[in-house]
Amino acid sequence: MIGARLGDTGWKLLLAAGLLLLLPVSGARADLLGHGAMVNSVAVSPDGKSLLSASWDYTLRLWDLRAQSELKVLDGHTASVNAALFLPDGRSAVSGSWDHKIIRWDLQTGKETARLEGHVNNVAGLALSRDGKSLASASWDRSIRLWDLAGNKLLRSFEGHQANVMQVAFAMGDRELVSVSYDLTLKIWDIASGKEIASLTGHEASVNAVVVTPDGRTAITGSTDGALRLWDIAGRKALGRLPGHAAFVTGLAISADGKKLLSGGGDKLMRYWDIAEAKQLRQFAGHEKPVWTVAFSADGKRGISGGYDTVIKVWSLETGEPVEPGK
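Parameters at a glance
Residues numbered from 1 in each chain as written. Predicted model: local features only at pLDDT ≥ 70, side-chain atom pairs only at ≥ 80, totals over all residues. Heavy atoms only, no water. Helix = DSSP H or I, 4+ residues; strand = E, 2+ residues; numbered from the N terminus. Rg over C-alpha atoms; globule rule 2.2 N^0.38 Å. Buried < 20%, exposed > 50% of the residue type's maximum accessible area, 1.4 Å probe, protein only. Contact = heavy atoms within 4.5 Å. Areas by Shrake-Rupley, 256 points an atom, 1.4 Å probe, with all protein chains shown as cover. Pairing = 2+ DSSP bridges. Salt bridge = Lys/Arg side-chain N within 4 Å of Asp/Glu carboxyl O. Core = buried A, V, L, I, M, F, W, Y, C linked by side-chain atoms within 4.5 Å. Axes fitted to C-alpha atoms, helices over the stretch in contact; angles between N-to-C directions.

A. How the structure looks around the overall build of the chain. Across its full length, the chain holds zero helices and 31 strands. Its C-alpha radius of gyration of 21 Å places the chain within 12% of the 20 Å reference for a compact globule of 327 residues. Taking the principal axes of the C-alpha coordinates as reference, the chain spans close to 80 × 45 × 30 Å. For the chain, buried positions account for 54% of its 327 residues. Contacts in the chain between residues far apart in sequence, at least 24 positions, make up 40% of those at least 6 positions apart. Carbon and sulfur atoms make up 49% of the accessible area of the chain, which totals about 14300 Å².

This is the structure:
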């Protein structure tokens, strides 16, 4: 059998036993493939041109987001990489891993430039202050740590959770931190003193993810109970609930204007929400296994999802369809 692709016609010519057949074939691939295990984290560069992903395969990968092509593999961790963030210059990044380490990377060379050490268990989540000078890390050692990125040194440790801490976020003008844990709580911390301000409950199972609105006043959490919950950070109280996921939620992302939310979880779906209206706008199906991480593009028009199936997908939030390379 002989096969040939006929330009952009979307048809494949097959010559078999003297018989000419024209069969439709699928369009251009719209997935980012390369990781050999679950994709734990995706982050978009400040200029919107690049994507950074972290995986159970011990690596990070840098992608050209428009071309949806791999640019570089960052190899340095000795266990699953759980979190990755671009730094404000867009030329460097940080990652956290099961190997208890936080590594700082030069993305132009693909080499590590520093290691932040102190956690004694899995580093599950990372967050960057608005000015890019401070990094917060969440760990299964039940602590949150605050780091000075200028000197790559530890500033303070926050302790009080009774189980694994999964994620952390800056809030209230970078004066406070919000953390979530397997102990079913959301805790609020005063950065200057290191003291716990409040411990809020409402989820019925482990709390896996947290994001904070750009004004720093509202947190949204995702849990193994399948619920998304909203919290008034300033008022130290619960605000409401977004029902929809039929399984655990592990991925959350908030748009730059603070009006929209992406969530992903064990039901294999990414969901797109209007926060003010407390309603789902669209859902995105295509992953074969749970959606572990989500992100907005810099312009807010696309959603990116990474899954347990090792696949990264880029979606149009307007149409609900995958975005083809180069579009």
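B. Examining the pairing of strand β12 (residues 111-116) more closely. As defined by bridge partners, strand β11 (residues 102-106) adjoins β12 across five bridges and the pair is classed as antiparallel. Its bridge partner lying in β12, W105 is registered against E112. Count of turn residues in the β11/β12 antiparallel hairpin: four residues, of which G110 carries a positive phi of about 80°.

C. Region of the structure containing the pattern of salt bridges. Taken as a whole and judged by the stated rule, the model has nine salt bridges. A salt bridge links E70 to R61, with the nearest nitrogen and oxygen atoms 2.7 Å apart. Judged by relative accessible area, E70 falls into the partly exposed class, the value being 36%. Put simply, E176 and R236 hold a salt bridge, and the shortest N to O gap is 2.9 Å. On the criterion of sequence distance, the pair formed by E176 in strand β18 (residues 176-181) and R236 in the loop between β23 (228-232) and β24 (237-242) is long-range, its members being 60 residues apart. Relative accessible area serves as the criterion here: at 8%, E176 is assigned to the buried category. R236 sits in the partly exposed class, given a relative accessible area of 27%. Residues joined in a network through salt bridges with shared partners are D57, R61 and E70.

D. Local environment of the nonpolar core. In this structure, V178, L186, I188, V210, A219 and I233 are the most contacted members of the largest nonpolar core, which totals 17 residues. Elements that contribute at least two residues to this core include exactly β17 (165-171), β18, β19 (185-190), β20 (196-201) and β21 (207-212). Excluding residues within four positions of it along the chain, I233 makes contact with A171, M172, E176, V178, I188, V212, G216, R217, T218 and A219. Listed in part, the 13 residues of the second largest apolar core include L60, L74, I103 and L107.

E. The sheet that holds strand β26 (residues 260-265), seen in detail. The four strands lie next to each other as β25-β26-β27-β28, forming an open sheet whose pairing is antiparallel. Unpaired on one side and paired on the other, β25 (249-254) and β28 (279-285) mark the two borders of the sheet. Going from strand to strand, the sheet's axes swing by 20° on average, the running direction of each strand aside. Taken together, the six bridges between strand β27 (residues 269-274) and β28 define a ladder with antiparallel strand orientation.

F. Examining the sheet that holds β18 more closely. Strand order in the open sheet formed by four strands is β17-β18-β19-β20, and the pairing between neighbours is antiparallel. Edge positions in the open sheet fall to β17 and β20, since each of these has one partner strand only. Direction aside, neighbouring strands of the sheet carry axes that sit 20° apart on average. Taken together, the five bridges between β19 and β20 define a ladder with antiparallel strand orientation. Its bridge partner lying in β20, W189 is registered against E196.

G. Local environment of unusual backbone geometry. If you check the backbone angles, Q68 has positive phi at about 55° while not being a glycine. By relative accessible area, which is 3% here, Q68 ends up buried. Phi is positive for N152, close to 50°, though the residue is something other than glycine. Mapped onto the fold, N152 is located in the loop between β15 (143-148) and β16 (153-159).

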